[in-house]
Amino acid sequence: VVMTTKTCNNPKATLLEENYLQAFQWFGSYAVRDGALWFFQNSGAPAAVYIEAPSTPITGTWAVQSFKNSSGSIVPVLPDAPVTVAFAEDGTISGSTGCNQYTGRYKANGQWLVISDITGGRVACATKALSDQEVGFLEALQGSVLWTNQGPAMTFRDTNTIQSMSLAAAGA
């Protein structure tokens, strides 16, 4: 693997790059299948797959379906407490945690995503489950650095490329 020596200004991006480059040592072969680039371990087991970059913009309102909670488990959104994320073209983000409203900033560049300056209401949630949802969702949102989009579905991933959130276009 050949690379430049430019330093990333984003520690999350640096960690992601380090993990990504380290993974190449496990690849033994590659192939193009079903319009995707597949890398395989020496044993022949799939190791990574690359799909085409999103053609749908990130802008719009999205309903969160599931997120990685504070314990690291993917959990569904509580049924009576919808969580939303709205990405505006001016780089602002807003939505509901199911308990409080929040706002912030985002920058998307290809599949890279930086979410920052999240602030929100400080009203105590009615239940512990709502509080846990709010804390877990906001942590997952701020820890997301990659996004992929396939039609009305979007996935966020963290610095280790582990899924941190699953979203659907609002109204879809």
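Quick caveat, the model's predicted, so the values are computed rather than measured. (Residues numbered from 1 in each chain as written. Predicted model: local features only at pLDDT ≥ 70, side-chain atom pairs only at ≥ 80, totals over all residues. Heavy atoms only, no water.)

Draft legend 1. Structural view of the confidence of the model for the protein. When the pLDDT values of the protein are averaged, the result is 86; 90% of them are 70 or greater. Mean pLDDT across the elements of the protein bottoms out in strand β3 (residues 46–50) (76) and peaks in strand β7 (residues 92–96) (97). (pLDDT = per-residue confidence, 0-100. Helix = DSSP H or I, 4+ residues; strand = E, 2+ residues; numbered from the N terminus.)

Draft legend 2. Structural context of the pattern of salt bridges. Per the stated rule, a full pass over the model turns up two salt bridges. The partner of lysine 68 in a salt bridge is aspartate 158, with the nearest N and O atoms 2.4 Å apart. Highlighted residues: lysine 68 in strand β4 (residues 60–68) and aspartate 158 in the loop between β11 (153–157) and β12 (163–169), separated in sequence by 90 residues. The partly exposed category is assigned to lysine 68, whose relative accessible area is 21%. Judged by its relative accessible area of 8%, aspartate 158 falls in the buried class. The closest approach of N and O atoms between aspartate 132 and lysine 128, which form a salt bridge, is 2.9 Å. Pair noted here: aspartate 132 and lysine 128 are both in helix α2 (residues 128–142), with a separation of four residues, about one helical turn. By relative accessible area, which is 61% here, lysine 128 ends up exposed. (Salt bridge = Lys/Arg side-chain N within 4 Å of Asp/Glu carboxyl O. Buried < 20%, exposed > 50% of the residue type's maximum accessible area, 1.4 Å probe, protein only.)

Draft legend 3. Representation of the nonpolar core in the model. By size, the foremost hydrophobic cluster in this structure holds 23 residues, and its most contacted members are Val64, Phe87, Ile93, Phe137, Leu141, Phe156 and Met165. Within the residue set of this core, elements represented by two or more residues are β4, β6 (84–87), β8 (101–109), β9 (112–120), α2, β11 and β12. For this core, the leading source of residues is α2, giving four residues. In contact with leucine 141, not counting residues within four places along its chain, are Ile93, Tyr102, Ile115, Ile118, Phe156 and Met165. (Core = buried A, V, L, I, M, F, W, Y, C linked by side-chain atoms within 4.5 Å. Contact = heavy atoms within 4.5 Å.)

Draft legend 4. Representation of the sheet that holds strand β1 (residues 27–33) in the model. Ordered by their spatial adjacency, three strands build an open sheet running β1-β2-β3, and the pairing between neighbours is antiparallel. Each end of this open sheet is capped by a strand with a single partner; those strands are β1 and β3. If you compare each strand with its neighbour and ignore which way they point, the axes differ by 20 degrees on average. As paired elements, strand β2 (residues 36–41) and β3 share four bridges and run antiparallel to each other. Bridging from a neighbouring strand, leucine 37 pairs with tyrosine 50 of β3. (Pairing = 2+ DSSP bridges. Axes fitted to C-alpha atoms, helices over the stretch in contact; angles between N-to-C directions.)

Draft legend 5. Layout of the side chain of glutamine 133. Following the sequence through the fold, glutamine 133 ends up in helix α2. Residue contacts for glutamine 133: discarding those within four places in its chain leaves Phe67, Val77, Leu78, Ala81, Val83, Thr97 and Gly98.

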